[in-house]
Amino acid sequence: MNPRRGAFVAGEKVQFTDRKGKKITDQLVPGGSTQTEHGLILHDDVIGAVEGTVITTVHAKREAQVNQVYPEKDKNKPWKSSRAIGGWEYAAMRPRLADYVLSMPRGAQIMYPKDIAQVIQLGDIRSGLRVLESGAGSGAMSLNLLDAVGESGHLTTIELRSEFARVAEANATLYYGEKPTWWDLLTGDFDSVAADLPEHWFDRIMLDMIDPWNRLEHAYRVIAPGGVLVCYVTTTTQMSRLAEALRAAGCWTEPQIQETLERTWKAQGLAVRPDHQMIGHTGFLVISRAMAPGFAALKKRERYSKDTVTDVDELTDEQREARLEELELRDISDHKLRKVLRDLDRQVNELGELDKGEESAAA
(Lines give C-alpha, C1' and ligand atoms only; values in the text may rest on other atoms or scores of the structure.)
Protein backbone atom coordinates (compact mmCIF):
# COMPACT_ATOMS: atom_id res chain seq x y z
CA MET A 1 0.00 0.00 0.00
CA ASN A 2 1.36 3.41 -1.00
CA PRO A 3 2.03 5.46 2.18
CA ARG A 4 1.66 8.69 0.16
CA ARG A 5 4.49 10.61 1.85
CA GLY A 6 7.92 11.93 0.91
CA ALA A 7 8.89 13.21 -2.54
CA PHE A 8 6.53 12.95 -5.49
CA VAL A 9 7.10 9.91 -7.69
CA ALA A 10 5.97 9.09 -11.20
CA GLY A 11 2.55 7.47 -11.43
CA GLU A 12 0.91 9.15 -8.44
CA LYS A 13 -1.79 11.81 -8.50
CA VAL A 14 -0.91 15.42 -7.64
CA GLN A 15 -3.22 18.35 -6.99
CA PHE A 16 -2.14 21.75 -8.33
CA THR A 17 -3.78 24.80 -6.73
CA ASP A 18 -3.30 28.39 -7.89
CA ARG A 19 -3.70 31.62 -5.91
CA LYS A 20 -7.38 31.82 -6.84
CA GLY A 21 -8.04 28.41 -5.33
CA LYS A 22 -8.60 26.65 -8.66
CA LYS A 23 -7.54 23.01 -8.44
CA ILE A 24 -6.28 20.63 -11.11
CA THR A 25 -5.54 16.97 -10.35
CA ASP A 26 -3.35 14.96 -12.69
CA GLN A 27 -1.14 11.87 -12.75
CA LEU A 28 2.61 12.44 -12.94
CA VAL A 29 4.26 10.94 -16.03
CA PRO A 30 7.99 11.27 -16.84
CA GLY A 31 8.32 13.80 -19.65
CA GLY A 32 4.62 14.63 -19.41
CA SER A 33 2.84 17.89 -18.78
CA THR A 34 -0.46 19.22 -17.41
CA GLN A 35 -2.26 21.81 -19.51
CA THR A 36 -3.72 24.77 -17.63
CA GLU A 37 -5.27 28.09 -18.59
CA HIS A 38 -1.94 29.74 -17.86
CA GLY A 39 0.57 27.48 -19.57
CA LEU A 40 2.00 24.01 -19.03
CA ILE A 41 3.15 22.35 -15.81
CA LEU A 42 6.09 20.10 -16.64
CA HIS A 43 5.89 16.87 -14.68
CA ASP A 44 9.68 16.57 -14.54
CA ASP A 45 9.66 19.75 -12.42
CA VAL A 46 7.32 18.04 -9.95
CA ILE A 47 8.77 14.51 -9.75
CA GLY A 48 11.27 14.43 -6.90
CA ALA A 49 9.89 17.57 -5.24
CA VAL A 50 8.10 17.53 -1.88
CA GLU A 51 4.58 18.61 -1.07
CA GLY A 52 4.10 22.34 -0.77
CA THR A 53 6.48 23.11 -3.62
CA VAL A 54 5.43 25.99 -5.89
CA ILE A 55 5.62 25.12 -9.60
CA THR A 56 5.62 27.81 -12.30
CA THR A 57 4.04 27.13 -15.66
CA VAL A 58 6.32 27.37 -18.67
CA HIS A 59 5.91 30.08 -21.31
CA ALA A 60 4.33 28.84 -24.49
CA LYS A 61 2.28 30.07 -27.39
CA ARG A 62 -1.43 29.88 -26.85
CA GLU A 63 -1.65 27.39 -29.68
CA ALA A 64 -1.69 24.72 -27.00
CA GLN A 65 -4.80 26.34 -25.53
CA VAL A 66 -6.89 26.09 -28.70
CA ASN A 67 -9.58 23.44 -28.39
CA GLN A 68 -7.92 20.39 -29.93
CA VAL A 69 -11.14 18.39 -30.24
CA TYR A 70 -13.31 21.18 -31.68
CA PRO A 71 -10.87 23.78 -33.09
CA GLU A 72 -13.69 25.53 -34.96
CA LYS A 73 -14.95 26.83 -31.61
CA ASP A 74 -11.84 29.02 -31.34
CA LYS A 75 -11.46 30.11 -34.98
CA ASN A 76 -12.89 33.56 -34.19
CA LYS A 77 -10.49 34.00 -31.27
CA PRO A 78 -7.13 34.68 -32.95
CA TRP A 79 -5.59 35.95 -29.71
CA LYS A 80 -5.65 32.43 -28.35
CA SER A 81 -2.85 31.38 -30.66
CA SER A 82 -0.86 34.63 -30.67
CA ARG A 83 -0.50 35.68 -27.03
CA ALA A 84 2.26 34.10 -24.96
CA ILE A 85 1.27 32.64 -21.61
CA GLY A 86 3.06 31.16 -18.64
CA GLY A 87 4.64 32.24 -15.39
CA TRP A 88 1.59 31.23 -13.33
CA GLU A 89 2.29 29.62 -9.98
CA TYR A 90 0.68 26.47 -8.60
CA ALA A 91 1.21 24.80 -5.24
CA ALA A 92 1.72 21.04 -5.58
CA MET A 93 0.11 18.81 -2.96
CA ARG A 94 -1.11 15.24 -2.75
CA PRO A 95 -4.91 15.33 -2.96
CA ARG A 96 -6.87 14.59 0.16
CA LEU A 97 -9.26 11.69 -0.16
CA ALA A 98 -12.17 14.16 -0.44
CA ASP A 99 -10.37 16.01 -3.25
CA TYR A 100 -9.46 12.78 -5.01
CA VAL A 101 -13.07 11.56 -4.90
CA LEU A 102 -14.39 14.75 -6.47
CA SER A 103 -11.72 14.82 -9.19
CA MET A 104 -11.48 11.14 -10.16
CA PRO A 105 -12.94 9.83 -13.42
CA ARG A 106 -16.42 8.50 -12.84
CA GLY A 107 -19.15 6.75 -14.70
CA ALA A 108 -21.85 7.08 -12.04
CA GLN A 109 -22.88 9.92 -9.74
CA ILE A 110 -20.82 9.87 -6.55
CA MET A 111 -21.79 10.53 -2.96
CA TYR A 112 -20.60 13.88 -1.63
CA PRO A 113 -17.90 13.94 1.07
CA LYS A 114 -20.43 15.39 3.54
CA ASP A 115 -22.62 12.28 3.21
CA ILE A 116 -19.67 9.87 3.14
CA ALA A 117 -18.36 11.32 6.40
CA GLN A 118 -21.73 10.76 8.07
CA VAL A 119 -21.87 7.17 6.80
CA ILE A 120 -18.48 6.46 8.39
CA GLN A 121 -19.37 8.17 11.68
CA LEU A 122 -23.01 7.10 12.17
CA GLY A 123 -22.34 3.66 10.75
CA ASP A 124 -19.49 3.25 13.26
CA ILE A 125 -17.22 1.94 10.51
CA ARG A 126 -13.70 1.58 11.88
CA SER A 127 -10.50 -0.40 11.73
CA GLY A 128 -10.76 -4.18 11.66
CA LEU A 129 -14.47 -4.42 10.82
CA ARG A 130 -16.01 -6.52 8.04
CA VAL A 131 -18.21 -4.36 5.81
CA LEU A 132 -20.59 -5.26 2.99
CA GLU A 133 -21.31 -2.56 0.43
CA SER A 134 -23.87 -2.66 -2.36
CA GLY A 135 -23.37 -0.30 -5.27
CA ALA A 136 -19.73 0.56 -5.99
CA GLY A 137 -20.55 3.19 -8.62
CA SER A 138 -17.30 5.04 -9.30
CA GLY A 139 -15.73 3.94 -6.03
CA ALA A 140 -16.15 7.09 -3.89
CA MET A 141 -17.78 5.26 -0.98
CA SER A 142 -15.59 2.20 -1.47
CA LEU A 143 -12.39 4.22 -1.09
CA ASN A 144 -13.57 5.72 2.19
CA LEU A 145 -14.70 2.33 3.49
CA LEU A 146 -11.33 0.82 2.57
CA ASP A 147 -9.56 3.60 4.45
CA ALA A 148 -11.86 3.20 7.46
CA VAL A 149 -11.54 -0.57 7.92
CA GLY A 150 -7.83 -0.65 7.03
CA GLU A 151 -5.80 -3.69 6.12
CA SER A 152 -6.90 -5.43 9.33
CA GLY A 153 -10.54 -5.27 8.17
CA HIS A 154 -12.29 -6.40 5.03
CA LEU A 155 -14.63 -4.82 2.49
CA THR A 156 -16.91 -6.78 0.18
CA THR A 157 -18.58 -4.75 -2.57
CA ILE A 158 -21.37 -5.94 -4.84
CA GLU A 159 -21.79 -3.99 -8.09
CA LEU A 160 -24.47 -4.84 -10.62
CA ARG A 161 -22.73 -3.41 -13.69
CA SER A 162 -19.33 -4.74 -14.67
CA GLU A 163 -18.24 -1.46 -16.29
CA PHE A 164 -18.87 0.46 -13.04
CA ALA A 165 -16.93 -2.20 -11.16
CA ARG A 166 -13.98 -1.60 -13.49
CA VAL A 167 -14.16 2.16 -12.91
CA ALA A 168 -14.25 1.70 -9.13
CA GLU A 169 -11.36 -0.78 -9.18
CA ALA A 170 -9.23 1.51 -11.36
CA ASN A 171 -9.86 4.53 -9.13
CA ALA A 172 -8.91 2.54 -6.03
CA THR A 173 -5.79 1.19 -7.71
CA LEU A 174 -4.68 4.68 -8.70
CA TYR A 175 -5.32 6.00 -5.20
CA TYR A 176 -3.43 3.26 -3.34
CA GLY A 177 -0.83 2.54 -6.01
CA GLU A 178 -2.12 -1.04 -6.19
CA LYS A 179 -5.39 -2.87 -5.78
CA PRO A 180 -6.22 -3.17 -2.06
CA THR A 181 -5.81 -6.76 -0.91
CA TRP A 182 -8.54 -6.39 1.74
CA TRP A 183 -11.23 -5.71 -0.88
CA ASP A 184 -13.44 -8.21 -2.70
CA LEU A 185 -15.26 -6.59 -5.62
CA LEU A 186 -18.05 -8.89 -6.82
CA THR A 187 -20.22 -8.35 -9.90
CA GLY A 188 -23.89 -9.32 -10.10
CA ASP A 189 -27.26 -8.51 -8.56
CA PHE A 190 -27.33 -8.19 -4.81
CA ASP A 191 -29.74 -11.07 -4.11
CA SER A 192 -27.79 -13.65 -6.13
CA VAL A 193 -24.38 -12.66 -4.79
CA ALA A 194 -25.51 -12.21 -1.17
CA ALA A 195 -27.09 -15.69 -1.20
CA ASP A 196 -23.57 -17.17 -1.31
CA LEU A 197 -22.17 -15.01 1.50
CA PRO A 198 -21.75 -16.49 5.01
CA GLU A 199 -24.48 -15.90 7.58
CA HIS A 200 -24.05 -13.22 10.25
CA TRP A 201 -20.48 -12.53 9.11
CA PHE A 202 -20.55 -8.79 8.37
CA ASP A 203 -20.35 -6.15 11.08
CA ARG A 204 -21.70 -3.32 8.92
CA ILE A 205 -23.73 -3.04 5.72
CA MET A 206 -23.92 -0.01 3.44
CA LEU A 207 -26.67 0.02 0.79
CA ASP A 208 -26.64 2.65 -1.95
CA MET A 209 -29.36 1.51 -4.33
CA ILE A 210 -32.80 2.39 -5.66
CA ASP A 211 -34.82 -0.14 -3.60
CA PRO A 212 -32.98 -1.07 -0.40
CA TRP A 213 -36.28 -2.15 1.21
CA ASN A 214 -36.26 -5.17 -1.11
CA ARG A 215 -32.82 -6.24 0.20
CA LEU A 216 -33.56 -6.27 3.93
CA GLU A 217 -34.10 -10.04 4.15
CA HIS A 218 -30.71 -10.87 2.63
CA ALA A 219 -29.06 -8.07 4.60
CA TYR A 220 -30.37 -9.48 7.89
CA ARG A 221 -29.14 -12.97 7.00
CA VAL A 222 -25.53 -11.87 6.52
CA ILE A 223 -25.23 -9.18 9.20
CA ALA A 224 -24.12 -10.01 12.74
CA PRO A 225 -26.50 -9.32 15.65
CA GLY A 226 -26.10 -5.70 16.66
CA GLY A 227 -24.60 -4.84 13.27
CA VAL A 228 -25.31 -1.44 11.77
CA LEU A 229 -27.20 -1.00 8.51
CA VAL A 230 -26.76 2.31 6.67
CA CYS A 231 -28.84 3.09 3.59
CA TYR A 232 -28.43 6.07 1.28
CA VAL A 233 -31.51 7.19 -0.67
CA THR A 234 -32.21 10.44 -2.45
CA THR A 235 -36.00 10.97 -2.42
CA THR A 236 -38.59 11.31 0.34
CA THR A 237 -40.68 8.47 -1.11
CA GLN A 238 -37.68 6.11 -0.96
CA MET A 239 -36.89 7.22 2.57
CA SER A 240 -40.47 6.73 3.77
CA ARG A 241 -40.85 3.32 2.14
CA LEU A 242 -37.56 2.11 3.59
CA ALA A 243 -38.44 3.29 7.09
CA GLU A 244 -41.80 1.52 6.99
CA ALA A 245 -40.19 -1.68 5.65
CA LEU A 246 -37.64 -1.68 8.49
CA ARG A 247 -40.44 -1.33 11.06
CA ALA A 248 -42.56 -4.00 9.40
CA ALA A 249 -39.67 -6.50 9.33
CA GLY A 250 -39.56 -6.51 13.12
CA CYS A 251 -35.86 -7.45 13.28
CA TRP A 252 -34.41 -3.94 12.87
CA THR A 253 -34.36 -1.17 15.45
CA GLU A 254 -36.30 2.06 14.94
CA PRO A 255 -34.66 3.77 11.95
CA GLN A 256 -32.74 6.98 12.43
CA ILE A 257 -33.16 9.34 9.49
CA GLN A 258 -31.14 12.44 8.68
CA GLU A 259 -29.71 14.63 5.94
CA THR A 260 -26.70 16.94 6.01
CA LEU A 261 -26.46 20.44 4.57
CA GLU A 262 -23.07 22.03 3.97
CA ARG A 263 -22.22 25.74 3.85
CA THR A 264 -18.77 27.28 3.63
CA TRP A 265 -17.79 30.66 5.10
CA LYS A 266 -15.65 33.59 4.04
CA ALA A 267 -13.39 35.09 6.73
CA GLN A 268 -11.23 37.95 5.46
CA GLY A 269 -10.58 40.76 7.92
CA LEU A 270 -13.93 42.17 9.01
CA ALA A 271 -15.71 40.50 6.09
CA VAL A 272 -16.96 37.40 7.88
CA ARG A 273 -20.04 35.87 6.31
CA PRO A 274 -21.35 32.63 4.83
CA ASP A 275 -20.72 32.03 1.15
CA HIS A 276 -23.65 32.65 -1.16
CA GLN A 277 -23.70 29.07 -2.42
CA MET A 278 -24.05 25.90 -0.39
CA ILE A 279 -24.48 22.17 -0.90
CA GLY A 280 -28.08 21.51 0.06
CA HIS A 281 -30.01 18.26 -0.14
CA THR A 282 -28.16 15.40 -1.79
CA GLY A 283 -29.65 12.39 -0.01
CA PHE A 284 -31.02 10.84 3.18
CA LEU A 285 -29.21 8.45 5.48
CA VAL A 286 -31.36 5.79 7.13
CA ILE A 287 -29.58 3.94 9.94
CA SER A 288 -30.80 0.88 11.85
CA ARG A 289 -29.32 -2.02 13.82
CA ALA A 290 -29.97 -5.75 13.61
CA MET A 291 -31.71 -7.51 16.50
CA ALA A 292 -30.56 -10.96 17.64
CA PRO A 293 -32.42 -13.88 16.01
CA GLY A 294 -35.62 -14.67 17.89
CA PHE A 295 -35.97 -11.17 19.38
CA ALA A 296 -38.34 -8.55 18.01
CA ALA A 297 -37.38 -4.90 17.91
CA LEU A 298 -38.79 -2.73 20.68
CA LYS A 299 -41.29 -0.20 19.43
CA LYS A 300 -42.48 3.09 20.80
CA ARG A 301 -46.07 2.98 22.03
CA GLU A 302 -48.38 4.47 19.46
CA ARG A 303 -50.82 7.25 20.30
CA TYR A 304 -54.19 5.91 19.23
CA SER A 305 -55.59 9.42 18.79
CA LYS A 306 -52.91 10.15 16.20
CA ASP A 307 -53.53 8.22 12.98
CA THR A 308 -50.56 8.67 10.63
CA VAL A 309 -51.42 5.80 8.30
CA THR A 310 -54.98 6.22 6.97
CA ASP A 311 -55.33 8.41 3.89
CA VAL A 312 -58.07 11.02 4.40
CA ASP A 313 -59.25 10.49 0.81
CA GLU A 314 -60.10 6.86 1.63
CA LEU A 315 -62.55 7.82 4.40
CA THR A 316 -66.32 8.07 4.02
CA ASP A 317 -68.02 11.45 4.43
CA GLU A 318 -69.07 10.58 7.99
CA GLN A 319 -65.55 9.41 8.93
CA ARG A 320 -63.98 12.49 7.38
CA GLU A 321 -66.34 14.80 9.28
CA ALA A 322 -65.58 13.01 12.54
CA ARG A 323 -61.84 13.25 11.83
CA LEU A 324 -62.09 17.00 11.24
CA GLU A 325 -64.05 17.43 14.48
CA GLU A 326 -61.31 15.57 16.36
CA LEU A 327 -58.68 17.80 14.83
CA GLU A 328 -60.62 20.92 15.78
CA LEU A 329 -60.99 19.73 19.36
CA ARG A 330 -57.29 18.95 19.63
CA ASP A 331 -56.36 22.18 17.91
CA ILE A 332 -57.38 24.61 20.72
CA SER A 333 -59.24 24.36 24.01
CA ASP A 334 -62.14 26.66 25.00
CA HIS A 335 -60.03 28.13 27.80
CA LYS A 336 -57.18 28.96 25.43
CA LEU A 337 -59.60 30.35 22.85
CA ARG A 338 -61.12 32.75 25.43
CA LYS A 339 -57.65 33.90 26.42
CA VAL A 340 -56.69 34.52 22.78
CA LEU A 341 -59.88 36.55 22.21
CA ARG A 342 -59.24 38.65 25.34
CA ASP A 343 -55.71 39.42 24.20
CA LEU A 344 -56.87 40.36 20.71
CA ASP A 345 -59.70 42.56 22.06
CA ARG A 346 -57.22 44.37 24.29
CA GLN A 347 -54.80 44.98 21.42
CA VAL A 348 -57.60 46.20 19.11
CA ASN A 349 -58.88 48.59 21.82
CA GLU A 350 -55.36 49.96 22.38
CA LEU A 351 -55.01 50.50 18.64
CA GLY A 352 -58.33 52.41 18.65
CA GLU A 353 -57.18 54.61 21.52
CA LEU A 354 -53.99 55.47 19.65
CA ASP A 355 -55.98 56.41 16.53
CA LYS A 356 -58.24 58.71 18.59
CA GLY A 357 -55.19 60.39 20.16
CA GLU A 358 -53.64 61.05 16.76
CA GLU A 359 -56.93 62.54 15.44
CA SER A 360 -57.20 64.86 18.48
CA ALA A 361 -53.62 66.03 18.02
CA ALA A 362 -54.24 66.72 14.34
CA ALA A 363 -57.36 68.80 15.13
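See the structure above.
Below or above, wherever it landed, is the structure these notes cover. Computed from a prediction, not measured in an experiment: that's the story for all the values here. (Residues numbered from 1 in each chain as written. Predicted model: local features only at pLDDT ≥ 70, side-chain atom pairs only at ≥ 80, totals over all residues. Heavy atoms only, no water.)

Of the regular secondary structure elements, the protein chain holds 10 helices and 17 strands. For the protein chain, the proportion of contacts with a sequence separation of at least 24, taken over those separated by at least 6, is 65%. Element-wise, carbon and sulfur atoms account for 52% of the exposed surface of the protein chain, whose accessible area totals about 21,900 Å². (Helix = DSSP H or I, 4+ residues; strand = E, 2+ residues; numbered from the N terminus. Contact = heavy atoms within 4.5 Å. Areas by Shrake-Rupley, 256 points an atom, 1.4 Å probe, with all protein chains shown as cover.)

In this model, Asp 124 sits at a positive phi of 55°, which is unusual for a non-glycine residue. On the secondary structure map, Asp 124 appears in the loop between helix 3 (113–122) and strand 9 (130–134). With a phi close to 50°, His 200 is a non-glycine residue in the positive phi region. Along the chain, His 200 turns up in the loop between helix 6 (190–194) and strand 12 (202–208).

For the rest of this paragraph, the subject is the nonpolar core. Core analysis: the biggest nonpolar cluster contains 34 residues, and Val 119 and Leu 143 have the highest contact counts within it. Contributions of two or more residues to this core are made by helix 2 (97–103), helix 3, helix 4 (140–149), helix 5 (162–176), strand 11 (183–187), strand 13 (223–233) and strand 17 (284–289). Broken down by element, the residue count for this core peaks at 7 residues, all from helix 4. Ignoring sequence-local partners within four residues, the contact set of Val 119 consists of Met 111, Asp 124, Ile 125, Met 141, Met 206, Val 230 and Leu 285. The next biggest cluster of nonpolar side chains, apart from the first, holds 27 residues, and it includes Val 193, Leu 229, Cys 231 and Cys 251. (Core = buried A, V, L, I, M, F, W, Y, C linked by side-chain atoms within 4.5 Å. Buried < 20%, exposed > 50% of the residue type's maximum accessible area, 1.4 Å probe, protein only.)

A few words on the sheet that holds strand 5 (residues 53–56). Spatial ordering of the open sheet is given by 2-1-8-5, a layout of 4 strands whose pairing is antiparallel. The strands lining the two open edges of the sheet, one partner per strand, are strand 2 (23–27) and strand 5. Taking the axes of each pair of neighbouring strands and ignoring which way they run, one obtains an average angle of 35° across the sheet. Bridge count for strand 5 against strand 8 (residues 89–93) is 4 bridges, and the pairing is antiparallel. The partner of Thr 56 across the bridge, within strand 8, is Glu 89. (Pairing = 2+ DSSP bridges. Axes fitted to C-alpha atoms, helices over the stretch in contact; angles between N-to-C directions.)

Per the stated rule, a full pass over the model turns up 5 aromatic pairs. Where Tyr 175 meets Tyr 176, the ring centres are 5.0 Å apart and the plane angle is 85°; that geometry is what we call edge-to-face. With relative accessibility at 7%, the residue Tyr 175 sits in the buried group. By relative accessible area, Tyr 176 is classed as buried at 1%. (Phe/Tyr/Trp six-rings, centres within 6.5 Å; stacked < 30°, edge-to-face > 60°.)

Let's shift gears to the pairing of strand 16 (residues 271–279). The sheet contact formed by strand 15 (residues 262–268) and strand 16 spans 6 bridges and is antiparallel. Residue pairing for strand 16: Gln 268 is matched across the bridge by Ala 271. The hairpin formed by strand 15 and strand 16 contains 2 residues between the paired strands, and Gly 269 there has a positive phi angle of roughly 65°.

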